[in-house]
Amino acid sequence: MSPAEQAQITQSTRNGWLLSAPALVLLTIAAVGPLAIVVAYSFMPQGDFNGVAWGFSLEAWQGILFTKDVFDGTLAWADANLTIFWRSVKLSMLTTVFTFVVGFPTSWFIATRAPKARALWLFLITIPFWTNLLIRTFAINEIIRKEGLLNTILLKLHIISKPLEMIYTDTAVFIGMTYVYLPLMVLPLFASLDRFDMRLLEAAYDLYASPFQVLRKVIVPIVKPGIIAGSILVFVPSLGAYVTPRLLGGGKNMMIGNFIELQFGQGRNWPLGASLSVTLLFIVTGALLVYVRHANRETTHGQ
Amino acid sequence: MTQTIAVEARNVVKAFGHADTAVRALDDVSVQIRKGEFFTLLGPSGCGKTTLLRLIAGFEMPSGGTILLEGADITTLPPNKRPVNTVFQSYALFPHLTVAQNIGFGLEMLGRPKSEVQATTARMLALVKLEAMANRKTSQLSGGQQQRVALARALAPSPKVLLLDEPLSALDLKLRKEMQIELKRLQLETGITFIFVTHDQEEALTMSDRIGVMSAGKLQQVGPPKEIYNHPVNRFVASFIGETNFLPASRDGDRYRLDCGIKIAAPASNAARVTLTIRPEQVRLVAETEADALPAKITNLVYFGTDTHCHAALLDGTEVVARLQSPASGDAGLAVGQSVGLRFVPEAIQVLED
């Protein structure tokens, strides 16, 4: 390489960095800044009335798993916190599985329509996004509450003799989250099914695969990227869900999101809220790592 | 050799669309395909040849008629219950599996033991000469290699009949010629009945034991390549297979009078108006003065290397093409506008009553 060429390459590399610098600085501040503040808060002592005080303290981290007795200062397992964690993870997983069970046939249906009809169906799927989440959640409340639409119909039809207790239960939260996050499963699944070569179905069918084997051995492995993407898109926001558990779970069926909000609000324990937020981040990261690794192992399994 | 029937279609009808606007893709087709033969369904696109193949594979159900496999009625059996495999035009290889896994797929679905799947896969890889590619993904292969994988995959479960849906159409000319020979070799080695669909008449002539020529949902003629080429039963078959000259004529005693006024001898017929056909290679160029020669004027000369196509107009303007072998000197001494005599090899003339 001639010195002139070398100089030209060096120059264009430098220009590239200079041009991207403003965006890089902005992105770094926006992405790392808030997170750094949250992490810092989690290592600070509680402020007198609100916020945090200067200093270093591990109390907030201790508070995730243990509660300190007010009188003698002994530590005991914080059962309430663990219940909230477990409920969050359990409901998020159920939501993910159920949105897949409902979303897969839906996406399949859309992907197998004529191109024109496909656009219409996708449009219909996205309509709920046009309305505010709060309003949609109230609508669900209206359907499943004690004197709600569902109970009224079932009572009128004499299918049940007394109203079903659905509102303010885990089931209500689960129904609400499935409804809210279903499009997030359908859209990535559709994107992969849309690219799926339907002629492979005939090939598999011709090679003695039963309809179930066609699904398991051909369709699922090929659209797996879509399944992974959809699962992540549903699981991650489910875990941090706030509005749905608040409105449909009532005060007592809290999820991590509500618990964190409680610390920054009425609880006035910002450090604990911060440490809980960081913990949520770890749970999400951990769950994703396990999930993606497992999903990839299955692909290479047969080889 | 006692010939048993591998596949039989009896009065098969396939209509697409609703009652009033229904299109008959297959219109009362009956055909018997013998065990171990290389049978080609030949016809232009839209003639129903692929539909017939899909009915045999089980991807479509006929609107009427029956399909038998070795004497047993399989009309309503789904594809995964039929011991018949297909090589698809698009190959339809599984992108998430390796070459070896693709080939073993059918046997695996049949629930064969792992050792058998592996042994058969290895044998198939050797058969199509792809041993080195066993662990590649199919997307890393060339078109010709993908074609071989598709073949091996369909042959691995040793089907009773192998269906091939225009498998060579995506390959370039040189590769296509190689695969034609390869396919014929595979068919002889495995002894499996091949049903091959193509619109390429040359492909059909070079590879087949028998050809079924289709047009407009009907089988026009079934027979060995030589019979189809030399004795076409109608105008469609004559024009679709190879090049040919059509000469309208009227019967005049035991001879035929061409529209240019000259009488020539040809096989007997009952119709008053007929069309005589003669292949270009059976037309000879002779001196104008020779007895029995049809006077004509050369209108065009097209050089093809091995031979030259000489277009000549008869007195009434009917154009006749003669294929002349290029002489060693390279120059046949012909020129456009020259007057020549044409003579047809008498036994090569076909009489079509239309």
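The shown structure was predicted, so the numbers you read here are calculated from the model rather than taken from an experiment. (Residues numbered from 1 in each chain as written. Chains lettered and ligands numbered in written order. Predicted model: local features only at pLDDT ≥ 70, side-chain atom pairs only at ≥ 80, totals over all residues. Heavy atoms only, no water.)

### Considering the interface of chain A and chain B
Counting residues at the interface gives 19 residues for chain A and 29 residues for chain B. Of the roughly 2,100 Å² buried where chain A meets chain B, counting both sides, 62% is carbon and sulfur surface. In terms of surface lost to chain B, no three residues of chain A exceed Asp206, Leu207 and Tyr208 of chain A, which account for 39% of the buried area on that side. Along the contact surface separating chain A from chain B lie 2 salt bridges. In this structure, the salt-bridge partner of Glu202 of chain A is Arg54 of chain B, at a minimum N-O distance of 2.6 Å. At the boundary of chain A and chain B, one finds 7 residue pairs in polar contact (both at pLDDT 80 or more). (Contact = heavy atoms within 4.5 Å. Buried area = accessible area lost by both parts, 1.4 Å probe. Salt bridge = Lys/Arg side-chain N within 4 Å of Asp/Glu carboxyl O. Polar contact = N/O pair within 3.5 Å; in protein donor to acceptor, adjacent residues only side chain to side chain.)

### Regarding the sheet that holds strand 20 (residues 350-352) of chain B
All names here are of chain B. Overall, antiparallel pairing links the 5 strands, which are arranged 13-12-11-14-20 in an open sheet. Here the strands that pair on one side only, and so sit at the sheet edges, are strand 13 (263-265) and strand 20. The sheet shows a mean angle of 45° between the axes of neighbouring strands, taken without regard to direction. With 3 bridges joining them, strand 14 (residues 273-278) and strand 20 adopt antiparallel strand pairing. Looking at the pairing, Thr275 lines up with Leu352 of strand 20. (Pairing = 2+ DSSP bridges. Helix = DSSP H or I, 4+ residues; strand = E, 2+ residues; numbered from the N terminus. Axes fitted to C-alpha atoms, helices over the stretch in contact; angles between N-to-C directions.)

### Overview of helix 5 (residues 133-144) of chain A
Residue pairs three or four apart in sequence face the same way in an α-helix, which turns once every 3.6 residues. All names here are of chain A. Given a rise of 1.5 Å per residue, 12 residues ought to cover 16 Å, and the 17 Å separating the end C-alpha atoms of helix 5 matches this to within 8%. Every buried residue of helix 5 is accounted for by Arg136, Thr137, Ile140, Asn141 and Ile144. End-on view of helix 5: buried residues confined to an arc of 150°, all on one side of the axis. Buried residues belonging to helix 5 abut helix 6 (149-156), helix 7 (170-195) and helix 11 (243-248). Measuring from the backbone nitrogen of Leu134 back to the side-chain oxygen at the start of helix 5 gives 2.6 Å, which picks out Asn132 as the cap. (Expected span 1.5 Å × (residues − 1). Buried < 20%, exposed > 50% of the residue type's maximum accessible area, 1.4 Å probe, protein only. Arc of directions from axis to C-beta.)

### Considering the domain arrangement of chain B
Residue and element names in this part refer to chain B. Domain parsing of chain B yields domain 1 (2-236) and domain 2 (245-352). Taken over C-alpha atoms, the centre of domain 1 sits 40 Å from the centre of domain 2. Contact with domain 1, which involves 8 residues of that partner, is made by 6 residues of domain 2. Together, the buried faces of domain 1 and domain 2 total about 630 Å²; carbon and sulfur atoms form 45% of this surface. Considering only the surface of domain 1 that becomes buried against domain 2, Tyr229, Pro232 and Arg235 emerge as the three largest contributors, covering 77% of it. For the pair domain 1 and domain 2, the number of links is 0 salt bridges. For the pair domain 1 and domain 2, the interface holds 4 residue pairs in polar contact (both at pLDDT 80 or more). (Domains from an automatic or database assignment.)

### Observations regarding the packing of helix 3 (residues 79-111) of chain A against helix 4 (residues 115-126) of chain A
All names here are of chain A. Interhelical geometry of helix 3 versus helix 4 gives an angle of 145° and a closest axis separation of 8 Å. Facing helix 3, whose interface residues are Thr106, Phe109, Ile110 and Ala111, helix 4 presents Arg118, Trp121, Leu122 and Ile125. The class makeup of the residues in the contact of helix 3 with helix 4 is 6 nonpolar, 1 polar and 1 charged. (Nonpolar A, V, L, I, M, F, W, Y, C, P; charged D, E, K, R; others polar.)

### Here's the deal with the nonpolar core
Within the largest apolar cluster, 65 residues are counted, with the highest numbers of intra-cluster contacts made by Phe94, Phe105 and Ile195 of chain B. Sorting elements by how many residues they give to this core places helix 7 of chain A first, with 10 residues. Not counting residues within four places of it along the chain, the set of residues in contact with Ile195 of chain B comprises Val7, Ile33, Phe39, Leu41, Leu53, Ile56, Val161, Leu162, Leu163 and Leu164 of chain B. One finds Val87, Met124, Leu162 and Leu186 of chain B within the second-largest nonpolar core, a separate group that totals 35 residues. (Core = buried A, V, L, I, M, F, W, Y, C linked by side-chain atoms within 4.5 Å.)

### A short note on unusual backbone geometry
Residues and elements named next belong to chain B. At Tyr91, a position not held by glycine, the phi torsion is positive, near 70°. On the secondary structure map, Tyr91 appears in the loop between strand 6 (84-87) and helix 2 (99-109). Tyr91 gets classed as buried once you look at its relative accessible area, which sits at 6%. Not every positive phi belongs to a glycine, and Lys129 is a case in point at roughly 55°. Structurally, Lys129 is set in the loop between helix 3 (114-127) and helix 4 (143-155).

### Focus: the pattern of salt bridges
All names here are of chain B. Summed over the entire model, instances satisfying the criterion amount to 32 salt bridges over all chains. Put simply, Arg112 and Glu116 hold a salt bridge, and the shortest N to O gap is 3.2 Å. When its relative accessible area of 34% is taken as the criterion, Arg112 is described as partly exposed. The class of Glu116 is partly exposed, set by a relative accessible area of 30%. For Glu290, the salt bridge identified is with Arg343, shortest N-O distance 2.9 Å. Of this pair, Glu290 sits in the loop between strand 15 (283-286) and strand 16 (294-303) while Arg343 is found in strand 19 (residues 339-344), placing the two residues 53 residues apart along the sequence. Looking at Glu290, the relative accessible area reads 36%, which means it is partly exposed.

### Points about the pairing of strand 3 (residues 38-42) of chain B
All names here are of chain B. Buried residues dominate strand 3, accounting for 5 of its 5 residues. Burial of strand 3 is two-sided: the residues Phe38, Thr40 and Leu42 facing one way and the residues Phe39 and Leu41 facing the other way are all buried. Direction of pairing for strand 3 relative to strand 8 (residues 193-198): parallel, over a ladder of 5 bridges. Along strand 8, the bridge assignment pairs Phe38 with Phe194. When strand 3 meets strand 9 (residues 210-215), the two strands line up parallel, connected through 4 bridges. Bridge assignment links Phe39 to a residue of strand 9, and that residue is Arg210.

### Quick look at empty space enclosed by the protein
Residue and element names in this part refer to chain B. Counted under the stated rule, the structure contains 1 cavity of 30 Å³ or more. If you trace the largest cavity, you find it lined by Leu247, Pro248, Leu258, Asp259, Cys260, Leu314, Asp316 and Thr318. Grouping the amino acids of the lining of the largest cavity by side-chain chemistry returns 5 nonpolar, 1 polar and 2 charged. (1 Å grid on protein atoms, 1.4 Å probe; cavity = no way out; pocket = protein on both sides within 12 Å on 5 of 7 lines; lining within 4 Å. Points joined across faces, edges and corners; volume = space filled by probe spheres on them.)

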